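Structure at a glance
This is what each chain is made of:
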Amino acid sequence: MLNKTVDSRFPFPFEPYTIQKEFMEALYRTLEDSKIGIFESPTGTGKSLSLICGALTWLQDFEERKKQEAARLLENRADTVAEHPAEKKLTPGQDGSSSSEPDWITAFVQKKAERDLVDKLKVASHESQYQSRNALAVRGHDEDEEARQLLELSKECAEEEQGAGLEDGEEELLVAEYESDDDTKPKNRWVSCRMGAGVDEPAPDIPCIQIYYCSRTHSQLAQFVHEVQKSPFAENISLVSLGSRQNLCINEEVRRLGSVQLINDRCMEMQKNKHEKSSGGEPKRRRSKPKAVCPFYRHEALQGLRDEALVKVRDIEQLVALGHETKGCPYYGGRLAVPAAQLVVLPYQTLLHEATRRASGIRLKDQVVIIDEAHNLTDTITCIHSSEVTGAQLCCAHSQLSQYVGRYRNRLKAKNLMYLKQILFVVEGLVRVLGGGKNIPQGHNFFLFAGTEMLTINNFLFKAQIDNINLFKIQRYFEKSLISRKVGRFFLSSLVVPTPDQKVADEEKQISMASPMMQVEGFLFALTNANKDGRLVIQRHGTLAQCSLKFLLLNPAVHFAPVLKECRAVIIAGGTMQPVSAGFALDLSERTLLSGHVIPPENILPIVLCNGPSGQELEFTFQNRETPQMMDEMGRVLANLMNVVPGGVVCFFPSYEYERRALAHWESTGILARLAAKKKIFQEPKKASQVEQVLTEYSRCIQNCRQVGGALSGALLFSVVGGKMSEGINFSDDLGRCVVMVGMPYPNIKSPELQEKMAYLDKHMPQVGRQSPGKALVENLCMKAVNQSIGRAIRHRGDYASILLLDRRYSRPTTLHKLPEWIRRSTRVQPTFGPAFASIRKVSLPSWPAAKLLTPRPSESSVSTFSFLFPKCRY
C-alpha cells in the first residue's frame, strides 16, 4: 500500500514544493482529459519525481476505476445469468485457469471467450455452404497432394543445384526469393519482438494502459529509473527499460565487434540461424560448417528474464546483470516484457521512428507518452528523418552491389535481379546529379566545380532521371530482402584478413567501406516523403568523393503527428521549453505549464547590460562585433567582474571562431594577462574526449583557490553557445557564480537549409504577432540556445548566481519575454555599467540572502560529476 501521509493525493517521498504540487495537478488533469501538455520545469525543481508521482498516481487511479467498472459489469452479468440460466457465460476458473488470477487476466479471458463464441456462430451460419463445397475439395485432395510433393522435390533439387559452387557460409548471402510486388500500402502489422523484424504475427491485446517515458541519452534514462526506484511506487509498478543491442548484448563474441552495424548484423544472423535450426524447414544442401547461434537466445531463458524484469524496477545495467544471471538475452527479453509492463522506458529514436517503434513491439494506441528533455524535440525528429550520402559512399555502394550481382547472377531469381538492377540504376542517377559520368570511376577523384543547389523532391527525381522508378517498391524490397546487410557482409567476407598490426588501424575503415549501402537505403527512404515536406541539398565541391546529397526534413510535425493521433495523451517536458513550439508546424499548445523555480527570486541576479565601462554601446552584431573597440569593451567588463565575483565564472561566446579572435586580440592588448592575474583561464575543448579532463581541472582549481587562498580567486571558463558545455553540464555552486553571455547567438541566416525552413514556415504557418514565422524561428533558435546556456548555474534551491547578458538587444520586450519565467521575473535592464557593477558586487558579499545555506534534498542534487567537489559555502 502506498504511503500518502505527506500529500493526500500524490504520494511523495517528502513534502513537495508548491510548484511541484502545481506540476502534478496539471499533469494529472492533462492525462485525465486526454490532452497534449507542454511542461517547463527547470533542473533542480524535482521535475523527474514530479513526473513520476503525477503520472503514476493517475495510472493507479485509472486502473482502480477500470477494476470497479469491470466488477460492476460482472455483477450485472451474474444477475443476468441467474435470471436466464440457459445463457450462462464463462465464469473464472471454467477454462482451467486459477480463480486467484488478477482481475485484468480474468476480464481478458472472458472477453476472448466471448469473441470465440461469436466466431463459432459465424461459422455455423455458413456450415451448409461449407458442406456443399467439401465434397469437391475431397475429390481434388489427392491430386493436390501429389502435385505439392512433386513441387517440393523440384524445389529441393533446384536449391541443391543453386548451392553448388558456393563456399561455406555463402548461402546466407543470397537474397531469398522475393514474392511480394503489391502496389497497395502494406497492412498495419505488429512485428514480433520474439522473432525480430520482418515476422508478421497478430497483434496481442494489451491488457492495461501503459506509459512510455523517453529521453535523449542513456544516462538520462538511467537517472529516471533510479528516481522511480526511490519513489513510493517502486514496489507497485512493473517497469522495463529498452535500449540498443550495443548497450544490452551479453554475448562477448558479438560485443567484440564494436560497431553498432556489425553488432546488429551479427545478432540478426545468429537469430536467423536459430530459427532455421529449430524449425527444421531448411532444405538439405551440401555439407557445410554448422551455423553459429546465440546461446542466450533461448525461449525458456527469455521467458524467465521477462518475468524477472517485471517483478522489480531495473535500469539498463541491472537488466544486463539479470541477463548474465538468467543466461537470457536482455535485448529480446526486454522486448518480450513490453506488453505486460505498465511503464516502458526507452530512447528518443525508438519512439519517434515508426519502423523502429514497430520492430520493438510498441503500440501507442490509447497509451500515454512522456517525452522528457524535449527542448530539442524538433531537432531530434528532423535529424532522425533526414539523411545524407556522399559521393564516395555512392560509388562504393555501386561497386559493392555490382560485385554482388556479378558473383550471384546465375543463382538469383528474376525478380531479385530486376530490383537489384533498379537499385543500381538509381545509384547511377544520384552520381550523375553530383557530376559523375555514365561509367562511375573507381577512384572517383576528378575535379568538380563548387556550388550548392536546393531542389524539391520531385525536381530532384527529374534531375536524376529516376522519376519513373517506384521508390515505395524499392523501399519494401530493401525491408523484405535485407539486401543492404547481405551486401555489407558479402563485402566484409571478401576483404583480405589483415595482419594483427594492421587489424586495429583498418577496422574503422573496413566498417565505413562495408556500410555505404545502408546509407543509400536511408537516403532513398527519405525520398518517399511528401514533396512539400522536404528539400534536397546538392553540395558539389572538390572531387566527386567529397560531394554530397542531403535530404532536409522541413516539417518534423508530419512524423510526430501519428504519435499525437494514436496516443491518449502526450506530455512534452523539459527544463527549458521557452520559446514553445519553435519551428513546429503543428499546434502543441493545448495545455502549457511554465513552472517557476524552487529558489527564491533574490537568489538570482539577471542583468541586461546595454553599455560598457567606457560608455561604449554593447551590440554584438555580426558587422561590428570584431571591431577593436567592441572587443576592448568586452574585455573591460570581464576584468571588472573578475575583481568581485568569487569562485567560477563561465563566459559564453556565440561561436568558436569569435572566441578565437577575441582571445587573440586580448592577448595582444594585455587584457588576457589582467584576467589571468585574477582567475586561471580554461577553454572549452573542441574534442568531446577532452571535456571531462578540462572540467575536472577547472573544478580542482576553484576548490584549491577557496581552500588555500592566494592571488587567484577562482577560474574563468570560456565556452561556446551550442558547444559541449552549453548543455548537459551543471555549473552548480562555486562552479558558476556568474554566467556571462556575449551577444546574441543567431544562426547563420545565409544557410540554405535555414532559408528553406523559413520559407516553408512563412508559407504554411500563421504570422506570429508582427513577425513572419520564418523570422520568429530565427529569434526562437537564438533564445533557446541562450536559455540552455544561462540555466547552467542554478541547479538546486540553495544555489545562487548572477547572469550578465552583454547586448542591448536583450532589452527588447519581445526578446525579454522569451527568457524562462523564473529568470525573466528577476531580470534588470541596466543602461550603464556603474549600477550593474554595483549590484553584482553587492550580491557577491556575505549579505546576499543566498548565503543562508539551504541544504538541497537528495532528488535536487546536481547530476554533474563535478558538483560533489564543493560543500555549500558562503562569501
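First things first, this report covers the structure right here in the doc. What you see is a predicted model; the values in this text were computed from it and never measured. (Residues numbered from 1 in each chain as written. Predicted model: local features only at pLDDT ≥ 70, side-chain atom pairs only at ≥ 80, totals over all residues. Heavy atoms only, no water.)

1. Concerning the nonpolar core
By size, the foremost hydrophobic cluster in this structure holds 50 residues, and its most contacted members are Leu 401, Tyr 404, Phe 460 and Leu 549. Contributing elements (two or more residues each) for this core: helix H15 (391-408), helix H16 (414-434), helix H17 (457-464), helix H18 (471-481), helix H19 (483-494), helix H21 (516-526), strand S10 (534-543) and strand S11 (548-553). Counting residues per element, this core draws most heavily on H16, at 11 residues. With residues near it in sequence (within four places) discarded, Tyr 404 still touches Leu 173, Leu 174, Val 175, Leu 412, Leu 420, Ile 483, Lys 486, Val 487 and Phe 490. (Core = buried A, V, L, I, M, F, W, Y, C linked by side-chain atoms within 4.5 Å. Buried < 20%, exposed > 50% of the residue type's maximum accessible area, 1.4 Å probe, protein only. Helix = DSSP H or I, 4+ residues; strand = E, 2+ residues; numbered from the N terminus. Contact = heavy atoms within 4.5 Å.)

2. Points about the pairing of strand S12 (residues 569-574)
Within S12, 6 of the 6 residues are buried, which leaves the element mostly enclosed by the surrounding structure. Side-chain alternation along S12 places Ala 569, Ile 571 and Ala 573 on one buried face and Val 570, Ile 572 and Gly 574 on a second face that is also buried. Direction of pairing for strand S1 (residues 36-40) relative to S12: parallel, over a ladder of 5 bridges. Its bridge partner being in S12, Gly 37 is matched across the sheet by Ile 571. Across 4 bridges, strand S7 (residues 368-371) lies against S12 in parallel orientation. (Pairing = 2+ DSSP bridges.)

3. Things to note about the sheet that holds strand S17 (residues 714-720)
As summarised here, the arrangement of the 7 strands in space is S16-S17-S15-S18-S19-S14-S20, forming an open sheet in which the pairing is parallel. Since the sheet does not close on itself, it has two edges, and those belong to strand S16 (679-683) and strand S20 (828-830), each with one partner. Mean inter-strand twist for the sheet, computed between neighbouring axes without regard to direction, equals 20°. For strand S14 (residues 604-609) and S20, the ladder comprises 3 bridges, and the chain directions are parallel. Residue pairing across strands places Ile 607 opposite Arg 828, the latter belonging to S20. Packed onto the sheet, helix H31 (residues 833-843) meets S14, strand S19 (801-806) and S20 and runs at close to 165° relative to S14. (Axes fitted to C-alpha atoms, helices over the stretch in contact; angles between N-to-C directions.)

4. Quick notes on the environment of Gln 771
Within the secondary structure, Gln 771 is located in the loop between helix H27 (752-764) and helix H28 (773-790). The partly exposed category is assigned to Gln 771, whose relative accessible area is 29%.

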